[in-house]
Structures are given as structure tokens and as C-alpha cells.
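# Inside the fold
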Amino acid sequence: MTTFDKREQGFEAKFAHDEELMFKAAARCNKMLGLWAASQLGLSGDDAAAYATALVTDNLASQTMDETLGKVSSDLAAKGISREQVAQKLQECQHQALAQLEAASRQAG
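In this report, we go over the structure that sits alongside the text.

All right, on to the overall build of the protein then. Scanning the protein from terminus to terminus reveals four helices and zero strands. Secondary structure elements of the protein, listed N to C terminal, follow the sequence α-α-α-α. A globule of 109 residues ought to have a C-alpha radius of gyration of about 13 Å, yet the protein, at 17 Å, is considerably larger. Across its three principal axes, the protein shows a C-alpha extent of roughly 60 × 25 × 20 Å.

The structure is reproduced here in C-alpha cells:
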């Protein structure tokens, strides 16, 4: 195997790892956002978990983050929570999800 082949394999492995990390981060982020939104809607227990799970599974079915933001915003509009507030919470969840995954990766490695 040439040096070029080894480098190519390394880049492919890093790309696959990064894609997996982003997938896990998006799922974790949507779950956190869903649990937050559920609490704003007055849901708890199984109902809150179902709402959060629906956000995760809908996103897996090719829903974009903008569509997720739109869904949660429309669900919370009647509670007086603006799209900007939901977007801010979504950003917080994204940062928190990445930090959690990176911390878990450091502990495993």
C-alpha cells in the first residue's frame, strides 16, 4: 500500500467518523429540543418522550433543521414563544449535544 493509499484511507475514515458524529449530534439535539418544547407545552412523562422521539424520527426521515425549527415554532406559537426563541434554544441544544458527544468520545478513547 502506498503512502497515498494510506492517506486516502485516513481521510475516508475521518469523513465517516465526522458524519457519524454529526448524525448522533443532530438526533441528540432534536431529542433535547423536543423535551424542552414538550415541557413548554405542558407535556410530561410518556407524552413528552413521544413528542421528543417524534422530532428525532421525523428528522431521520429527511427533515431539515429548518423544518424542525418550523414545526416546533408552530407548536409553541400559541404559548407565546417566538421562532427566534426556539432557534436560540435549538442552537443551545446543538452546542450541548456536540459537547456531550465529544466528552463521551474522550472518555472512551
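Turning our eyes to something else, we now look at the pattern of salt bridges. Using the criterion set out here, one finds four salt bridges in the structure. With its nearest N and O atoms 2.8 Å apart, the salt bridge here joins Arg-83 to Asp-66. With Arg-83 in helix α4 (residues 83–108) and Asp-66 in helix α3 (residues 65–76), this pair connects stretches of sequence that are 17 residues apart.

Moving on, we come to the packing of helix α1 (residues 3–40) against α4. Contact geometry of α1 with α4 gives a least axis separation of 8 Å together with a crossing angle of 130 degrees. Classed by the angle they form, the pair α1 and α4 counts as oblique. For the pair α1 and α4, the crossing hand works out as right-handed. Contacts between α1 and α4 involve Leu-21, Met-22, Lys-24, Ala-25, Arg-28, Cys-29, Met-32, Leu-33 and Trp-36 from the first element and Val-86, Lys-89, Leu-90, Cys-93, Gln-94, Gln-96, Ala-97, Leu-98, Gln-100 and Leu-101 from the second. Residues belonging to the contact of α1 with α4 are distributed by class as follows: 13 nonpolar, three polar and three charged.

Thresholds applied
What you see as residue numbers is a count from 1 along each chain, following the sequence as written. Note on the predicted model: pLDDT of at least 70 is required for a residue's local features to be given, and 80 or more for side-chain atom pairs to be given and counted; whole-chain, interface and lining totals, by contrast, use all residues. To get the side-chain values, take all heavy atoms of the structure and skip hydrogens and water. Segments assigned H or I by DSSP are reported as helices when at least four residues long, segments assigned E as strands when at least two residues long, and all are numbered from the N terminus. Our radius of gyration is a C-alpha quantity, and the globule rule it is checked against amounts to 2.2 Å times the number of residues to the power 0.38. Definition used for salt bridges: Asp or Glu carboxyl oxygen within 4 Å of a side-chain nitrogen of Lys or Arg. Angles shown run from 0 to 180 degrees and are taken between the N-to-C directions of axes, each axis being a line fitted to C-alpha atoms and, for helices, limited to the stretch in contact. When an angle is under 35 degrees it counts as roughly parallel; over 145 it counts as roughly antiparallel; between 65 and 115 it counts as roughly perpendicular; any other value is oblique. Handedness of each helix crossing follows the sense of rotation of the near helix against the far helix: counterclockwise by less than a right angle gives left-handed, clockwise gives right-handed. Throughout, a residue-residue contact means that at least one pair of heavy atoms, one from each residue, lies within 4.5 Å. Amino acids outside the nonpolar list (Ala, Val, Leu, Ile, Met, Phe, Trp, Tyr, Cys, Pro) and the charged list (Asp, Glu, Lys, Arg) are all regarded as polar, and Gly is one of them.

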